[in-house]
Every structure is written in C-alpha cells, then in structure tokens.
Amino acid sequence: MPKTESQQNAALLEILKNSPRAFLPFTKKKLDSSQLAVEVSKLLYPDNKDMPANVNFEGKDKKSFLLIASYFSEKEYGEVVKLLLKHTMINPDSAKDPTDHRTALMINVENGNLENVKNFLDANIISQSKVNVNLVDANRKSALMIAAEKGDLEMVKILIERRLADINFMLTDKNGKTALELSKTDLTVPEKIRQEISALIVDAIQKQITNI
C-alpha cells in the first residue's frame, strides 16, 4: 500500500532528529551529509506510488524540516539544507523557533554556517521563495544584526553583498540599537574586526541612499 504524506512526514522527521546517531543499513558507518541528503530526497521525491513528504511540514514542536536541519553544523546537515532550499514549494521563513522566534536563516547566521547562508540568500534563484532578511527574533534582531553583533565579518559581507537592496539598516533591537551600533558593542571582538564591520555597514547604507 502506498505511503501517505503523513507517513512520509513522520519518516523524514525521524531521519532528521536521529541522523547524528544513524548508521547506513547493514554497516557501521555513520550517515554523512551527502548520504543523509539522499535519504531525505527519497521522501521528498519518491520514485514509486508513495506520496511525497510536505517540505514545509511542522512537527508538534512547530519546527519545520528546514529549521531542524539548521540547528546542526554544515558538515552534518549542509547538503540537506541545500536540498530543502531547492524544493520548488519551500518557504524558508515558514517556521520560527518557538522559544526565541529565530528563523532558519538566523540560526545559520548565529552558528556561522556560511555556505548554508549563501544557499538561503540564493534560494529565490532555485525556488519560488525569497528569504526575508528583515525578519526579527524575540529580541527584534535581524540576521544582519546578529552577524554584526557577534563580529562575523564574512557573514556580514555575504548578507550585504547578496541582499544590499533588501536589507533595512534602520531596524532596531529591543534596546534601540541598529546593526551599525551593535557592531561596536561586543568588546570581546577584536577592534579591527569591529571597525571593518562598521565600515561595511556605513558603505552599504550610503550605496542604498545613492540608488534611491
């Protein structure tokens, strides 16, 4: 009997939540990122009469497949994130962490998953959805604000380079600070890095104004 969408959703959820402990059938080798993506692909694109899993399905904890995959490192789940983002029906902003309202993009920014973030920012090219870079978490911080505050220079560069026209640099967090102001607050970040991030944001703001 063909498997239903509900059964496929449950199977995919089980794979994602247990894969760090999962092994290839009949072997003692752990699933790597590519092998995990293959298993996920079988459920999203079955080659038999089974129904496909719903790529935007959320479990009882209100977490989508994309959100779950985003909690892990790129080494473990990078290929899965890329696969999910390529799905024509994916909504990259469909689910937020129920505790702090972070989106999958924000979680990847916070975890320093640079390649995943690049795939998020390019998602509108390979699917019908475009990730919203101006969504904010429970502290009213956007993806750029998170990257700027933690001193992740490369992440700030990627966000600005790929979404300059879309980013709202005037967003403020709960304490009324913008991304530019947040880039200067963490004194554990080397001063040179803080200065470079601040200069990048100032230059980006000026470019936005020039193009209005």
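Quick note: structure is the one above.
Note that the structure is predicted; figures quoted are calculated from it, not measured.

Observations concerning the overall build of the protein chain
Within the protein chain, the regular secondary structure consists of 11 helices and zero strands. The order of α-helices and β-strands along the protein chain, N terminus first, is α-α-α-α-α-α-α-α-α-α-α. Against the globule reference of 17 Å for 212 residues, the protein chain gives a C-alpha radius of gyration of 19 Å, in line with a compact fold. Dimensions along the principal axes, computed over C-alpha positions, put the protein chain at roughly 60 × 35 × 30 Å.

Observations concerning helix H6 (residues 114–121)
Count 3.6 residues to each turn of an α-helix, and residues three or four apart come out pointing the same way. Most of H6 sits inside the fold, with six of its eight residues counted as buried. Inspection of H6 places Asn116, Val117, Lys118, Asn119, Phe120 and Leu121 among the buried residues, and these make up the whole buried set.

Focus on the packing of aromatic side chains
Each aromatic ring pair is summarised here by two numbers: the centre-to-centre distance and the angle between the ring planes. Considering all chains together, one arrives at two aromatic pairs under this definition. Seen in terms of ring centroids, Phe57 and Phe65 are 5.8 Å apart; in terms of plane orientation they differ by 40 degrees. Their pairing is tilted. Ring plane angle 10 degrees and centroid distance 4.2 Å describe the contact between Phe72 and Tyr77, whose orientation is recorded as stacked. With relative accessibility at 23%, the residue Phe72 sits in the partly exposed group. The exposure class of Tyr77 is buried, given its relative accessible area of 1%.

Examining the environment of Pro92
Structurally, Pro92 can be placed in the loop between helix H4 (74–86) and helix H5 (104–110). Judged by relative accessible area, which is 3%, Pro92 ranks as buried. With 25 residues separating them in the primary sequence, Pro92 and Leu67 have C-alpha atoms 8.7 Å apart. Excluding residues within four positions of it along the chain, Pro92 makes contact with Leu66, Leu85, Ala104, Phe120, Ser129, Lys130 and Val131.

A closer look at empty space enclosed by the protein
Taken as a whole, this structure holds one cavity of 30 Å³ or more when the rule is applied. Looking at the largest cavity, its volume works out to about 30 Å³. Ser142, Leu144, Met145, Asn168, Phe169, Met170, Leu171 and Ala179 are the residues that line the largest cavity. Taken together, the residues of the lining of the largest cavity break down into six nonpolar, two polar and no charged.

What to know about the pattern of salt bridges
Enumeration over the complete set of coordinates arrives at 12 salt bridges. Across the pair Lys118 and Glu115 runs a salt bridge whose closest N-O atoms are separated by 3.2 Å. Here Glu115 and Lys118 lie together in helix H6, a separation of three residues that amounts to about one turn. Overall, the relative accessible area of 43% leaves Glu115 in the partly exposed class. Lys157 serves as the salt-bridge partner of Glu154, at 3.5 Å between the closest nitrogen and oxygen. Of this pair, Glu154 and Lys157 are both found in helix H9 (residues 153–163), three residues apart, which corresponds to roughly one turn of the helix. The network of salt bridges with common partners includes Asp100, Arg102 and Glu110.

Re helix H1 (residues 5–18)
Under the 1.5 Å per step criterion, the end-to-end length of H1 is 20 Å for 14 residues, consistent within 8% with the ideal 20 Å. When we look at burial in H1, the residues that qualify are Gln8, Asn9, Leu12, Leu13 and Leu16. Down the axis of H1, the sector holding all buried residues measures 135 degrees, keeping them to one side. Along its buried surface, H1 packs onto helix H2 (33–44), helix H3 (65–70) and H4.

As for the nonpolar core
One finds Leu159 and Ile201 to be the most contacted residues of the largest nonpolar core, which totals 55 residues. Those residues in contact with Ile201 that lie beyond four places of it in its chain are Ala148, Val156, Ile160, Phe169, Ala179, Leu180 and Ser183.

Definitions and limits used
- Note on numbering: residues in each chain are counted from 1, in written sequence order.
- For this predicted model, a pLDDT threshold of at least 70 governs which residues receive local features, and a threshold of 80 or more governs which side-chain atom pairs are given and counted, while totals over whole chains, interfaces and linings are taken from all residues.
- Working from all heavy atoms in the structure, the side-chain values ignore hydrogens and water.
- The way it works is that DSSP assigns letters per residue, a run of H or I at least four long becomes a helix, a run of E at least two long becomes a strand, and they are numbered from the N terminus.
- For this measure, only C-alpha atoms enter the radius of gyration; the expected value for a globule follows 2.2 Å times N^0.38, where N is the number of residues.
- Residue exposure (1.4 Å probe, protein chains only): buried if accessible area is under 20% of the type maximum, exposed if over 50%, otherwise partly exposed.
- Pairs were defined over the aromatic rings of Phe, Tyr and Trp, the Trp ring being its six-membered one, requiring ring centres within 6.5 Å. Orientation was assigned from the angle between planes: stacked under 30 degrees, edge-to-face over 60, tilted for the rest.
- Throughout, a contact is declared for two residues whenever any of their heavy atoms are within 4.5 Å.
- Cavities and pockets were defined on a 1 Å grid built over protein atoms only: a cavity is a set of grid points that admits a 1.4 Å probe from which the probe cannot escape, a pocket is an open set flanked by protein on both sides within 12 Å along at least five of seven lines, and lining residues are those with an atom within 4 Å of any such point.
- Grid points are joined across faces, edges and corners, and a volume is the space filled by probe spheres set on the points.
- Note on residue categories: nonpolar means Ala, Val, Leu, Ile, Met, Phe, Trp, Tyr, Cys or Pro, charged means Asp, Glu, Lys or Arg, and polar means any other residue, Gly included.
- The rule for a salt bridge is simple: a side-chain nitrogen of Lys or Arg has to be within 4 Å of a carboxyl oxygen of Asp or Glu.
- A helix's residues, less one, multiplied by 1.5 Å, set its expected span.
- In this description, one arc is meant: the one made by directions from the helix axis to the C-beta atoms.
- Definition used in this section: a nonpolar core is a set of buried Ala, Val, Leu, Ile, Met, Phe, Trp, Tyr and Cys residues joined via side-chain atoms within 4.5 Å.

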